[in-house]
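Topology and contacts: notes
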Amino acid sequence: MTQRALDPSGDQPTGSSGPPGPGRPVKIDAGSELDPVHPVDPPAPATAARGLSAAEVAERIARGEVNDVPVRSSRSVTEIVRANVFTRFNLIIGVLWVIMLFVAPIQDSLFGFVIIANTGIGIVQEWRAKRTLDSLAVIGEAKPTVRRDGVAAEVSVSEIVLGDLVELGPGDKVIVDGTVAEADSLEIDESLLTGEADPVLKRAGDPLMSGSFVVAGGGAFTATKVGREAYAAQLAEEASRFTLVQSELRSGISTILKYVTWMMIPTAIGLIISQLVVKDNNFKDSVARTVGGIVPMIPEGLVLLTSVAFAIGVVRLGRKQCLVQELPAIEGLARVDVVCLDKTGTLTEGGMDVTEVRALNGADEPYLHRVLGALGASDPRPNASLQAIIDTHPAPSAPSSPDGAGWRVTQALPFSSARKYSGAAFDEGGGRDSSWLLGAPDVLLPDGDPALTEIEQLNEQGLRVLLLARVRGELDAPGVADGAVPSALIVLEQRLRPDAGETLAYFADQRVAAKVISGDNAVSVGAVAAKLGLPGAEHTLDARRLPADPDEMATAMEENAVFGRVTPQQKREMVAALQSRGHTVAMTGDGVNDVLALKDADIGVSMGSGSEATRAVAQIVLLNNSFATLPSVVAEGRRVIGNITRVATLFLTKTVYSVLLAVLVVCFQVEYPFLPRHLTLLSTLTIGIPAFFLALAPNKERAHPHFVRRVMRYAIPSGTIAAAATFATYLIARSHYSGTGALDAETSAATLTLFLVSMWVLAIIARPYTWWRICLVAAMGLAFLIVLAVPWLQDFFALKLVGTTMPWTAVGIAVIASAALEYAWRLVSRRFPV
């Protein structure tokens, strides 16, 4: 695991500090020297734990004391097969299929083979999604650093054994339960377990719980519980599963199916009695027509198509190196209308360059360079801004020291997002010592300080500025920054991501508001955002001036686009404020200071190089660390949800007209007009094949709430009109035809009307038209004409139009019904807007 530094500027790209907490300086042993040539970690004291030996590790593995929790990112193959095969509607259709195999020709059993094919497709697609998820989970898996035989090395989570010495740094998640062995100002956030946001200072001997994470400092702990015995093991396993839970789409479909089931049961019973008892027909023919009335009531393909669409979405995103840890995230992305972005690592790249060091108050520049070198070398985990300082300022040596040894660190103050600065005290040799703070100028300097004007001008250019200030006394003294003497301004130039401008333009085009939330100076962040063309970048606000009232904060969030000097707790409050106004919020982040906001946001998006804690709570992880992937992720969510909403109307229109036709047949005491083969043909051409293509088509429309209402407001009038037109044709045909073969002629006329009306429903849903949508609708119509024209297909599907009067009557009724459909859809859109 890559160890990451604390960023004194307040904007941490990879391992930043977490929730606000008190600053806790660390006293350093006077013997801890900084290498004058190589600014690396100070040598470990001789008493430092060496960890387990290779023999001890082997012994524990033999005893089974290994962290073998099977954390999975998806369902097992067995669960996938079971979920797709053993469904309520598959059971109903399976029973009806077996009955039809005994009493009717194979043509009337086609619906059973279609279900087998559809279920098989569902299993294959979800299996593909499983493979994609599992492979991406391995790529994105955190690898803790374990010390064995005195050597630190990264191992997989499953290779940790009881008694291992696990090292910790900012942003690292505690993988297993343990006891602190070493603590270097180690602050742990246990909010994901206890709900308490304030970090807890840990000392040697204190317990650690799995599921917590480091927000500041570092150290190591000894594993005391591994595998399923660890506190958060089962929780972590459950949270990372491939699931459809908490999905409005899924729950909406379940609600629809529940009502369909209750409608279907009495209707089916009435149809059975009508066809078998009241009408004295041939038994096998009556059974076939009864089954033909029951089967189309079941929208079984809707559930299958939803699973397939989600699975294909996972595979598509996987190809873009995007790990979907929770399947409902795809749906949530479709509803996002506000995305909160961090600046560093999102709009800018991780690397920075020191462009200038401006001395203040007559400070000696060569001496300042030595101070900066010492500060850089004092942190073993430098990040972008501190690494830029290290690259230009080597660790100093003490000229008065006879052996040329470097400055000794006597005290260290770790960075805190609440403070916005860090610090260190040094023994420079020759009896001289000094204490320094490095951090945000507008925090360290009082209002009205002359240097702030100069800093403001630099920030307006999009430059990042840190202040180096000298302080007196202990770093842990209250108000240590109050008497700080400004010594230098460190000007850093940030590297803009080349694709950030296009990404922001995409969000603007899609009417998704982008809010840049940063710990850096608001003016500086606004200047960077303006360079990238962010709409509203001129509306910046210092988060220290945000109102505490949630409603007023929500107003401020909606009116401004750039926020600076934001604390972790404020990020959480800002997300809540936006949600209180009905916004669906996506939050991006990579540092531990983003964890609470990521957890509370509707969709949390973490960078793959981010801390373990952010990857653990995020629903989506961008493994390629590319902000430019987000448009693809949002577009995929909209494609899936928009298309499922669209095709659901097709399936439920069929359910509505099937139920109504059955009711009309019972009320009028006539034979059911269709055999299963007729409705199999109609369903395949007007629903099955078109729905598959429409569900995979591009769709940029933002998803809207109230899925059930949106679907049923069109399905009910469409199904009612289709049923009325079809039954009217059937009754007219019954009075027109007589003698042998009359029922087949009546069925053919009714089938023609139902097909034409269903095709018009398809034509409406396929809008707006593109060349392939027109070709799709035309191909379905051509396929039906081929069935009517080819003699052996006429016989196979028992469809033969007799005469000219009744077929043209059927067409005329379908035309009237289609006009009624157009009027009904427009009326519904006006009267029942969503």
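Scroll up to find the structure.
Read on for a plain summary of the structure. (Residues numbered from 1 in each chain as written. Predicted model: local features only at pLDDT ≥ 70, side-chain atom pairs only at ≥ 80, totals over all residues. Heavy atoms only, no water.)

**A few points about the pairing of strand S8 (residues 213–225)**
Condition: Relative accessibility thresholds used throughout: buried, under 20% of the residue-type maximum; exposed, over 50%; partly exposed, between the two (1.4 Å probe, protein chains only). Helix numbers and strand numbers start at the N terminus; a helix is a DSSP run of H or I with at least 4 residues, a strand a run of E with at least 2. DSSP calls a pair of strands paired once it identifies at least 2 bridges connecting them.
Most of S8 sits inside the fold, with 10 of its 13 residues counted as buried. Here strand S4 (residues 165–168) runs beside S8; their pairing, made up of 4 bridges, is antiparallel. Within S8, the position partnered with Leu 168 by the bridge is Gly 219. Of the pairings in the sheet, the one linking strand S5 (residues 177–189) to S8 comprises 10 bridges and is antiparallel in character. Bridge pairing links Gly 178 to Ala 223 in S8.

**Side note on helix H18 (residues 568–580)**
In an α-helix, one full turn covers 3.6 residues, which means residues spaced three or four apart are oriented alike. As a reminder, the rule being used: Residue count minus one, scaled by 1.5 Å, sets the expected span of a helix. We call two residues in contact whenever any of their non-hydrogen atoms come within 4.5 Å of each other.
With 13 residues, H18 extends 19 Å between its outermost C-alpha atoms, agreeing within 8% with the 18 Å of an ideal straight helix rising 1.5 Å per residue. Those residues of H18 hidden inside the fold are in contact with strand S10 (338–341), strand S17 (513–517), helix H17 (550–559), strand S19 (562–564), strand S20 (585–589) and helix H19 (595–600). Downstream of H18 by one or two residues, Gly 582 has phi in the positive range, about 85°.

**Looking at the packing of aromatic side chains**
Operational definition: Aromatic pairing here means that ring centres of Phe, Tyr or Trp (its six-membered ring) are within 6.5 Å. Orientation follows from the plane angle: under 30 degrees is stacked, over 60 is edge-to-face, and everything else is tilted. Only lysine NZ and arginine CZ atoms are considered, and such an atom sits over a ring when it is within 6 Å of the ring centre and within 35 degrees of the ring normal.
For the coordinates displayed, the defined rule picks out 11 aromatic pairs. Ring centres 4.3 Å apart and planes at 15° place the aromatic pair Tyr 714 and Trp 825 in the stacked group. Within this pair, whereas Tyr 714 is found in helix H23 (residues 707–736), its partner Trp 825 is found in helix H27 (residues 805–831), the two being separated by 111 residues in sequence. Owing to a relative accessible area of 12%, Tyr 714 belongs among the buried residues under this scheme. Residue class for Trp 825 comes out buried when judged on its relative accessible area of 12%. Every member of this aromatic cluster is reached through a ring pair, and the members are Tyr 367, Trp 407, Phe 426 and Trp 436. For the cation-ring pair, Lys 258 lies above Tyr 259, with the distance from its terminal atom to the ring centre recorded as 5.4 Å.

**Some points on the pattern of salt bridges**
Cut-off, in case you're wondering: In the sections that follow, a salt bridge refers to a side-chain nitrogen of Lys or Arg positioned within 4 Å of a carboxyl oxygen of Asp or Glu.
Inspection of the entire model under this criterion finds 21 salt bridges. Glu 167 is the partner of Arg 147 in a salt bridge, and the nearest nitrogen-oxygen pair spans 3.0 Å. Of this pair, Arg 147 sits in strand S2 (residues 145–148) while Glu 167 sits in strand S4, placing them 20 residues apart in sequence. With respect to class, Arg 147 is no different from Glu 167; both count as buried. Here Arg 147 ties to Glu 182 by a salt bridge, and the two come within 2.9 Å at their closest N and O atoms. Placement of the pair is Arg 147 in strand S2 and Glu 182 in strand S5, with a sequence separation of 35 residues. Accessibility expressed as a relative area gives 12% for Arg 147, which makes it buried. In this structure Glu 182 comes out as partly exposed when scored by relative accessible area, which is 23%.

**Side note on the packing of helix H9 (residues 300–319) against helix H21 (residues 630–668)**
Put simply, the rule is: Helix axes are fitted only over the stretch in contact, all axes being lines through C-alpha atoms; the angle between N-to-C directions runs from 0 to 180 degrees. Here the word oblique covers every angle except those under 35 degrees (roughly parallel), over 145 (roughly antiparallel) and from 65 to 115 (roughly perpendicular). Two helices that cross are described as forming a left-handed crossing if the nearer one is turned anticlockwise from the farther one by less than a right angle, and a right-handed crossing if clockwise. Residue classes follow a fixed rule: Ala, Val, Leu, Ile, Met, Phe, Trp, Tyr, Cys and Pro count as nonpolar, while Asp, Glu, Lys and Arg count as charged, and any other residue, Gly among them, counts as polar.
It is the contact of H9 with H21, at a shortest axis distance of 10 Å, that shows an interaxial angle of 170°. By the angle class used here, H9 and H21 are roughly antiparallel. Crossing geometry of H9 relative to H21 is assigned as right-handed. Across from Glu 300, Gly 301, Leu 302, Leu 305, Thr 306, Ala 309, Phe 310, Ile 312, Gly 313, Arg 316 and Leu 317 in H9, the residues of H21 making contact are Ser 632, Val 633, Glu 636, Arg 639, Val 640, Ile 641, Ile 644, Val 647, Ala 648, Phe 651, Leu 652 and Lys 654. Of the residues that constitute the contact of H9 with H21, the class distribution is 14 nonpolar, 4 polar and 5 charged.

**Observations regarding H21**
Given a rise of 1.5 Å per residue, 39 residues ought to cover 57 Å, and the 57 Å separating the end C-alpha atoms of H21 matches this to within 8%. Of all 39 residues that make up H21, 31 are buried, and the element is covered over most of its length. Two residues or fewer past H21, Gln 669 is found with a positive phi of approximately 55°.

**Brief notes about empty space enclosed by the protein**
Selection criterion: Computed over the protein atoms alone on a 1 Å grid, cavities are sets of points where a 1.4 Å probe fits but cannot get out and pockets are open sets with protein on both sides within 12 Å along at least five of seven lines; a residue lines them when it has an atom within 4 Å of a point. Grid points are joined across faces, edges and corners, and a volume is the space filled by probe spheres set on the points.
One pass over the structure, following the stated rule, counts 5 cavities of 30 Å³ or more. The wall of the largest cavity is formed by Leu 650, Thr 653, Lys 654, Tyr 657, Thr 686, Ile 687, Ser 758 and Val 761. Among the secondary structure elements, those contributing two or more residues to the lining of the largest cavity are H21, helix H22 (676–695) and helix H24 (742–765). Take the lining of the largest cavity: its biggest share by element is 4 residues, from H21. Classifying every residue of the lining of the largest cavity gives 4 nonpolar, 3 polar and 1 charged.

**Observations concerning the sheet that holds strand S18 (residues 540–542)**
As summarised here, the arrangement of the 8 strands in space is S9-S22-S21-S20-S10-S17-S19-S18, forming an open sheet in which the pairing is mixed. The open sheet terminates on both sides in strands that have one partner only, identified here as strand S9 (322–324) and S18. In this sheet, neighbouring strand axes are inclined to one another by 20° on average, regardless of whether the strands run parallel or antiparallel. Two strands pair when backbone bridges link them, and S9 and strand S22 (residues 620–622) are joined in this way by 3 bridges, in the antiparallel orientation. In the strand pairing of S22, Leu 323 is matched with Val 621. Along the sheet, H18 makes contact with S10, S17, S19 and S20, crossing S20 at roughly 160°.

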